[in-house]
Amino acid sequence: MFSAQTFRDRRKRLLEKLGDNSLAIVPPSSSKPSSADGHHAYVPNKNLYYLTGISQPDTWLVMAAQPGQDPLEILFIDPYDPEYERWWGVRLSPEQASALSGVETCRTNDGVRSFIDRCLVRNQMGRVFVDFPVNGIQNGHSSTRLGLANEIFSAFPHLELGRLSPLIFAQRMIKEPAELDMIRGAVATANRAMKRAVRVLRPGMVEYEFEAELIYEFTRSGERDPAFHPIVAGGPRATYLHYPDNDQVVNDGEMLLVDFGAQNGLYNCDITRTFPVSGVYSQRQRQLMDLVIEVQEEAIRLLRPGIEHRQWNEEVNAFYRERLKERRIIETDEELERVYYHRIGHSLGLDTHDECLVSQPIEEGMVFTVEPGL
């Protein structure tokens, strides 16, 4: 997939942005319990995976930049546990983790907190950067990674504390050729899945039957989890942007909207298509479909390096308004939001809605969805 040198290069570029006397900490994401003795499928910290290639739980990356010294890189992983192995299987050894990530020093994670503490106290670091999500204040609690940042700031109030995440996001936004190939692989899987499902589409079918055909093809391709829960919405339910149920019968004369995505080694695609349930468009359905395709093609033409995402969105909206007014679907510019009330697209990569710094101009290598829904 990716070589150890790829991960070394990514970490080197990141450290160069931090400056001397800086400590960078990339903690793991937390496992989410689903019941008394069960857990939801583990979703790794995508920033950690981007920098190391490791998706194993409880893995930490700590890096430091000091003047006159080579950069410090240490990986912390779970220690060998024969009891864990009996129940769950084999975890990476230190040698395997080093070979995969290119991080030469690998230790057990039971000492990561004391190591961070020693670095900050003894090495007189001036700044510490932690990778953590921003949850806002409505949740009422901090995430594990945000909690760590708060603890460090509380213990070392004299240090300059920064959020590492935006610096990683800036790198992740521009995809390397191998990353583009991973996304193309996800698209290829989605293409096979859609063709399979459309072949059995018929009036009287339940939405989840169509979904099952998609998931079957994902699993057949070696990816058990979709990029996100598929939206399979017939008739008026297609106007609910995040319709979750997929449990209603689709009828003759209706359209079926399918918003879905496949994964390929943690890289995602995100595709929306709309089909006539009967297999044949009515005249009105064909007119509206032609309009959406026309706007989609224009949006792709307008997507170019040098502009901000905001400008792209505004240019597409202007084009959309004119085409809608020509067809007398709307009368005034303000009515656009009645029939099209979301942005034209979003960044795509290791996350379906990949992290995107909206103030950063669009550059070659960035990947966006193009979604002019009507």
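Residues numbered from 1 in each chain as written. Predicted model: local features only at pLDDT ≥ 70, side-chain atom pairs only at ≥ 80, totals over all residues. Heavy atoms only, no water.

Chemist: Please provide a residue-by-residue account of the side chain of T189, values included.
Modeler: Mapped onto the fold, T189 is located in helix α8 (residues 177-199). Apart from residues no more than four positions distant in its own chain, T189 is found in contact with E217, F218, S221 and A262. (Helix = DSSP H or I, 4+ residues; strand = E, 2+ residues; numbered from the N terminus. Contact = heavy atoms within 4.5 Å.)

Chemist: Explain the layout of surface pockets residue by residue, including any values.
Modeler: Where empty space is left becomes clear once a probe the size of a water molecule has been rolled over the atoms. Within this model, the second largest pocket holds a volume of roughly 1,000 Å³. What lines the second largest pocket is a set of 38 residues, among which Y42, V43, P44, K46 and D351 lie closest to the centre. Looking at the lining of the second largest pocket, the element that brings in the most residues is helix α7 (residues 165-173), giving three residues. Looking at the lining of the second largest pocket residue by residue, the classes come out as 12 nonpolar, 15 polar and 11 charged. (1 Å grid on protein atoms, 1.4 Å probe; cavity = no way out; pocket = protein on both sides within 12 Å on 5 of 7 lines; lining within 4 Å. Points joined across faces, edges and corners; volume = space filled by probe spheres on them. Nonpolar A, V, L, I, M, F, W, Y, C, P; charged D, E, K, R; others polar.)

Chemist: Pulling in residues and values, what's your account of the sheet that holds strand β4 (residues 105-108)?
Modeler: Taken in spatial order, the six strands of this open sheet run β4-β3-β2-β1-β5-β6, and their pairing is mixed. If you trace the sheet from one side to the other, it starts and ends with β4 and β6 (160-163), each paired once. Along the sheet, successive strands turn relative to each other by an average axial angle of 20°, direction set aside. Bridge count between strand β2 (residues 60-65) and strand β3 (residues 72-77): five bridges; the pairing is antiparallel. (Pairing = 2+ DSSP bridges. Axes fitted to C-alpha atoms, helices over the stretch in contact; angles between N-to-C directions.)

Chemist: Before we move on, could you go through the pattern of salt bridges and cite the residues and values that matter?
Modeler: Evaluation of the coordinates by the stated rule reveals 30 salt bridges. Residue R10 is joined to E176 by a salt bridge in which the shortest nitrogen-to-oxygen separation is 2.8 Å. Highlighted residues: R10 in helix α1 (residues 4-18) and E176 in the loop between α7 and α8, separated in sequence by 166 residues. In this structure E176 comes out as buried when scored by relative accessible area, which is 19%. Among the salt bridges present, the one from R304 reaches E315, with a minimum N-O distance of 2.9 Å. Pair noted here: R304 is in the loop between α10 (283-302) and α11 (309-326) and E315 is in helix α11, with a separation of 11 residues, a long-range link. A single network of salt bridges, built from pairs that share partners, joins K46, R172, K175, D351 and D354. (Salt bridge = Lys/Arg side-chain N within 4 Å of Asp/Glu carboxyl O. Buried < 20%, exposed > 50% of the residue type's maximum accessible area, 1.4 Å probe, protein only.)

Chemist: I'd like a description of the packing of α10 against α11, backed by residues and values.
Modeler: Orientation of α10 relative to α11, taken along the N-to-C sense of each, is 150°, at an axis distance of 10 Å. What the angle tells us is that α10 and α11 run roughly antiparallel. Of the two elements, α10 crosses α11, and the hand of that crossing is right-handed. Contacts between α10 and α11 involve L291, V292, E294, V295, E298, A299 and L302 from the former and W312, E315, V316, F319, Y320, R323 and L324 from the latter. Looking at side-chain class alone, the contact of α10 with α11 contains 10 nonpolar, no polar and four charged residues. (Parallel < 35°, antiparallel > 145°, perpendicular 65-115°, else oblique. Left-handed = near helix turned anticlockwise from the far one by under 90°.)

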